[in-house]
Structure formats: C-alpha cells, structure tokens
Amino acid sequence: MKKDEIISMLQQQNAFLQQQLGEANRKVDELLKKVSSLEELLVQKNQEEQKQRNVIKGLVKIQQNKSEKQTPPAVSASDSETAPQTEPKPREKTNYGARRKDHYEVEVEEEDIYPDDSRFDEMRARLIDTHDVVRYILVPMRFIKKVYHVHVYTQDGAVMEGRAPVAPLLGSNYDGSFIAGIAQLRYIYSMPVERIVKYFCENGFDMDKGTAHGLLRKTENIFENLYKAMGLAVKEDDYLAGDETYHRVLVKVPGGNGSKKGYIWVVTAIHTGLVYYFYHDGSRGQDVILNYIGDYGGTFQSDGFAPYRKMAAKLTRLACLQHVKRKFLDCDDDEEAQGIVGLINEFYQNEHKYTIGKDGWTARKNLGWRRKYAPSILKEIRIRLDRMAADAEMLPKSDRYNAVHYMLNEWDAIKNIFTRGDYNLDNNLVERLNRYISLSRRNSLFFGSHKGAQRAAMFYSLACSCRLNNINFFEYISDVINRAALMQPNTDIKEYRTLLPDQWKAL
C-alpha cells in the first residue's frame, strides 16, 4: 500500500474518530445538563416542600400554643449535697377552700346593715353578733374637672395672686395624669387611639381622636432630652441584649397612601433594666444598629442576624440558645436533630438547679457550676454537629442544613455564654419585651407615619423600662412629665439621668 493511501486512510479514520468523539461529548453535555436540571428541580422541590411544611408548622404552633420553657428537673441524690434546700411551696387552695385575698390596696368604705324586719326596734333589741360581708365594687374610670378659683389681692401697693398648678403642655388644660392615662392604654395595653377615645366617651368624657394624638405628640417634645438620656444610659451597662421587630407604617405612595414594613430596634441593659427602642425610617440596615453601638466594648446578646455578628470584632457577643434550638425543632422527626435539642435542654436543666440571688447563690458560684457541667455537653454537641455537617446527602437549604450551619456559625458566641456566671442562656427577655410591639401590630395595624413610629419607640422605651424596674407606668409618666416640662430646653442631658426609671424617685 502506498504511503499516500495510508495517510489518506489514517486521516479518514481520524476524522471518523473525531466525529464519534464530538458526538460522545455532545451526549455527555446533554446528560450533564439533564443531571444539573434534575438537581435544580430537586432543590426547588425541596424548597417548595419546606415552605409548605413551615406553613403547616406555624399553624400547628398557633393551635397548640406550647411553651418552650423547660420544667426544672428534680435534684438527684448526687447533687443534693451542693443544692440549696428549700421548703416545698404549699399548694394554693381552690374553689370554696380558696384562700381569699384581702386587697388591702383598695379604698375601703364601711356601712352598717340592720335588720329590715318591720318588728325590729333598735332600742329594745339586744345585739348578739356582728359579722362582715365583703363585696368588691368597680367604679369606671373617673374624670375630674378641677376648677381653681385663683384669688388676686392688693396689699400695701403690691398685687398678690395665687398660683394654680402648671400644666405640662403650654396652652393646654390637661394635667400630666391625663396624658399618662392615654399613654398607659396606648403603649402598655396596646389600645389604638381610636379605641381609647371611645372608651373615654363611654365613661363620661368626650374627646376626639385628634386631641389625643396631639397630647402624645406634644409630650414627645417634652421627653426629647429624656429619650436621648435613655439612649446614653443603656450603654452604661456592661451587658446588653438586642433584637429588632417590625410594624406596618403608613407612607406616601404614587396615587395616595400605602403601608410598608418598618423595623424597630431595641437594646436592653440587663443589669439596670433600661430599654431603648429606636427607629430610623423603618430601616433594617446594619448601619442603624452599628452606629448606635459605636465603640461600646461590653457584652451583647442577640440572635444570629448578620449585623449582630459583625459586632464580635469589637465586643463580646453571646448567642441565643432558644434561636438555635428552634432551628433543630423545625427538623421534626430527624433523630440526630432532636438529639441536639436534648443536649441544649441539658443546659437549661442544669441552670434550673440554682438561682443567682437565692439561698446565697452568687454569679461567681454559678460560673464555677457552669465550668463543671458545660464542657462535656459542648464537646458532645460539637462532635454531632461536625458529623452532621459532613453528611454528603444533606440537601442545601433544608431544615437540617440550616440548623447545623446556623449553630456552627454561632459556636463561638455560644461558648461565650459560659465564660461568666450571670450571662443568660437566651435572649428571651428581649423577646418578651417585643410582645408589646406585636400586640400593637395586631390591634392598631399600623403607625400613621415614620414620625408616629419614632414617637412609639420613645414611649415603649419608657414603658418597658418601667416594667423591668417594677414601676407603675401611669405614676411615672404623671410625675416625670410635669418635672420635665419645667426644665429648660438647654438643660444638660446628664440632668435627665435621675429621671430615668432605674433612678427615678417620686416627689
């Protein structure tokens, strides 16, 4: 065979092989596309199924309304030597054997009741017994129009005039107690202003909605420096906790009014019990919280929201074990996930054995107790997390995947909880405070404007601070509004510090 023929034959074979290889590559590409498409469909299907499961879970939780609070376990025999002994609390009596409250706090009126028998003659009858029958009577809200007759005299060429109490709002006839009543109903009991004025009307005081809104708006101006003092005072504490929640807000949109979801941030001082809510046009951007925290160098506890995680570079950050736990509870019947839940519960079970401030138990003793029980639980959790994270069959964005990686991302912040005796295991304190916003969201539907949301943040700051310091919000506002109204606008912010709930003393 000639050389040219051999070369021609080889070229034909090579062309044929190239054609076959190209066809094979094309089929491989098609198969890869199909596999990729199937993977995308599988992930998409998993996400859709997950959304449906989340909806069902939410409905079930609403129906069952179960609490996540752990029941303190019985102290074992091995712990009985170190655990403080307490007397069992007697069970409260119920029904006809109930121990009735005497209600010493209420106003008492007394009345003598005599027989109404027509034969009764007090002069001839002999008293053989007297016994007391108690009835509690409710008198609806009382409104008093107090008229001061101011007398003016002249004496020795001088004019002397009596002084009526100063109203906190210029040109207004409303006393601080009246404004306090509106604020209490609006921000403690979550009644919309429309419902408040209707309630007033039903109890004998005719007031329109605009007047009530105006009183709250003018009070905000009086409390402006007090609110600024709150923001500064909160950061005096070396242990803070924070969160954010939302509320609908009316805004201007093309063609009229609309509403948007606006976020309210909250930072709570754990030791002083001061609470600072703040709002910046409804933004949930990280700059809002990071600008407020600034150079604060203490401890901050929160969930795993990204802006909070960024704080770890400047301060000691603590995680919230309840947020971590909920992620694993969402995994339903996943045995490994429920195993993590059980280990998290062990932290609570150990913490419930002792209470700081009770029976001589101190934060220092609690730290020693944590150093004893926590390391082994943390070690076991980490082993299980790493094993679950290495599972190649775990689908991305599944409940299991989200729970495992959420806890891994929070791991350092979880360990920080056990470096001091008085750190909380979770952020439930702040969660409970945010229920006031949730109730308002349910009852009022929306704030009327960004300015209205800022005003609400100020009042909620004072209301929740009073709650944490066991102060009656009505009494506090009634007193402080009159005192703050007398202070000059250029008064140093530091002068308002003693008016905040943790240091306030009624005059």
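Keep in mind that this is a model prediction, so the values were computed, not measured.

### Notes on the pattern of salt bridges
Consideration 1: The tally for this structure, following the rule as stated, stands at 22 salt bridges.
Consideration 2: A salt bridge links Arg119 to Asp117; the nearest nitrogen and oxygen atoms lie 2.9 Å apart.
Consideration 3: The class of Asp117 is partly exposed, set by a relative accessible area of 34%.
Consideration 4: Via salt bridges that share partners, Asp334, Glu336, Arg387, Asp391 and Arg400 belong to a single interconnected network.

### Re the nonpolar core
Consideration 1: By size, the foremost hydrophobic cluster in this structure holds 76 residues, and its most contacted members are Phe223 and Tyr277.
Consideration 2: Among the elements that take part in this core, helix α15 (residues 450-468) stands out by supplying 10 residues, more than any other.
Consideration 3: Once residues lying within four places of it in the same chain are set aside, the contact partners of Tyr277 are Tyr227, Ile264, Trp265, Val266, Leu433, Asn434, Ile437, Ala457, Tyr460, Ser461 and Cys464.
Consideration 4: Of all hydrophobic cores here, the second largest spans 35 residues; its members include Leu318, Ile340, Leu385 and Val404.

### With respect to a nonpolar patch on the surface
Consideration 1: A grouping of Val106, Val108, Val134 and Tyr136 is seen on the molecular surface, where their side chains present a nonpolar patch of about 400 Å² in accessible area.
Consideration 2: Looking at the secondary structure, you find Val106 in the loop between α1 (3-64) and β1 (152-155).

### Some details on the confidence of the model for the protein chain
Consideration 1: Averaged over every residue, the pLDDT of the protein chain is 88; residues scoring 70 or more account for 91%.
Consideration 2: Low pLDDT, under 50, characterises residues 67-84; the predicted model gives this stretch 21 contacts beyond four residues in sequence or across chains.

### So, the packing of aromatic side chains
Consideration 1: All told, the structure shown has 27 aromatic pairs when counted by the stated rule.
Consideration 2: Their ring planes at 75° and their centres at 5.0 Å tell us that Phe143 and Phe200 sit as a pair that is edge-to-face. One end of the pair, Phe143, is in the loop between α1 and β1; the other, Phe200, is in helix α3 (residues 193-202), and 57 residues separate them in sequence.
Consideration 3: For Phe143, a relative accessible area of 23% gives the class partly exposed.
Consideration 4: Under the relative-accessibility criterion, Phe200 is labelled buried at 2%.
Consideration 5: Ring centres 6.1 Å apart and planes at 55° place the aromatic pair Tyr277 and Tyr460 in the tilted group. Placement of Tyr277 in strand β5 (residues 275-278) and of Tyr460 in helix α15 is noted, with a sequence separation of 183 residues between them.
Consideration 6: In textbook terms, an aromatic cluster arises when at least three aromatic residues are bridged by ring pairs, as seen for Phe347, Tyr354, Trp361, Trp369, Tyr373 and Phe418.

### Notes on the side chain of Glu351
Consideration 1: On the secondary structure map, Glu351 appears in helix α9 (residues 335-351).
Consideration 2: You can call Glu351 buried: its relative accessible area is 13%.
Consideration 3: When residues no more than four places from it in sequence are discounted, the contact partners of Glu351 are Asn366, Arg370, Tyr373 and Leu425.

### Examining the sheet that holds strand β6 (residues 299-301)
Consideration 1: The 5 strands are arranged β5-β4-β3-β6-β7 in an open sheet whose pairing can be described as mixed. Every other strand in the sheet has two partners, leaving β5 and β7 (316-318) as the edge strands with one partner each. Strand after strand, the sheet turns through a mean of 30° between neighbouring axes, direction not considered.
Consideration 2: Summarising the sheet, strand β4 (residues 256-269) and β5 pair through 4 bridges and their orientation is antiparallel. Directly across from Val267, in β5, lies its bridge partner Tyr276.
Consideration 3: Against the sheet, α15 makes contact with β3 (239-253), β4 and β5, and its axis sits at roughly 170° relative to β5, the strand it touches most.

### Some details on a negative patch on the surface
Consideration 1: A surface patch of negative charge is lined by Glu107, Glu109, Glu110, Glu111, Asp112 and Asp132.
Consideration 2: For Asp132, the position within the fold is in the loop between α1 and β1.
Consideration 3: The class for Asp132 is exposed, based on a relative accessible area of 72%.

Reading the values: rules and limits
Residues numbered from 1 in each chain as written. Predicted model: local features only at pLDDT ≥ 70, side-chain atom pairs only at ≥ 80, totals over all residues. Heavy atoms only, no water. Salt bridge = Lys/Arg side-chain N within 4 Å of Asp/Glu carboxyl O. Buried < 20%, exposed > 50% of the residue type's maximum accessible area, 1.4 Å probe, protein only. Core = buried A, V, L, I, M, F, W, Y, C linked by side-chain atoms within 4.5 Å. Helix = DSSP H or I, 4+ residues; strand = E, 2+ residues; numbered from the N terminus. Contact = heavy atoms within 4.5 Å. Patch = residues over 30% accessible without salt bridge, like charges linked within 9 Å, V, L, I, M, F, W, Y side chains within 5 Å. Areas by Shrake-Rupley, 256 points an atom, 1.4 Å probe, with all protein chains shown as cover. pLDDT = per-residue confidence, 0-100. Phe/Tyr/Trp six-rings, centres within 6.5 Å; stacked < 30°, edge-to-face > 60°. Pairing = 2+ DSSP bridges. Axes fitted to C-alpha atoms, helices over the stretch in contact; angles between N-to-C directions. Lys, Arg positive; Asp, Glu negative; His and termini not counted. Charge placed at Lys NZ, Arg CZ, Asp CG, Glu CD.

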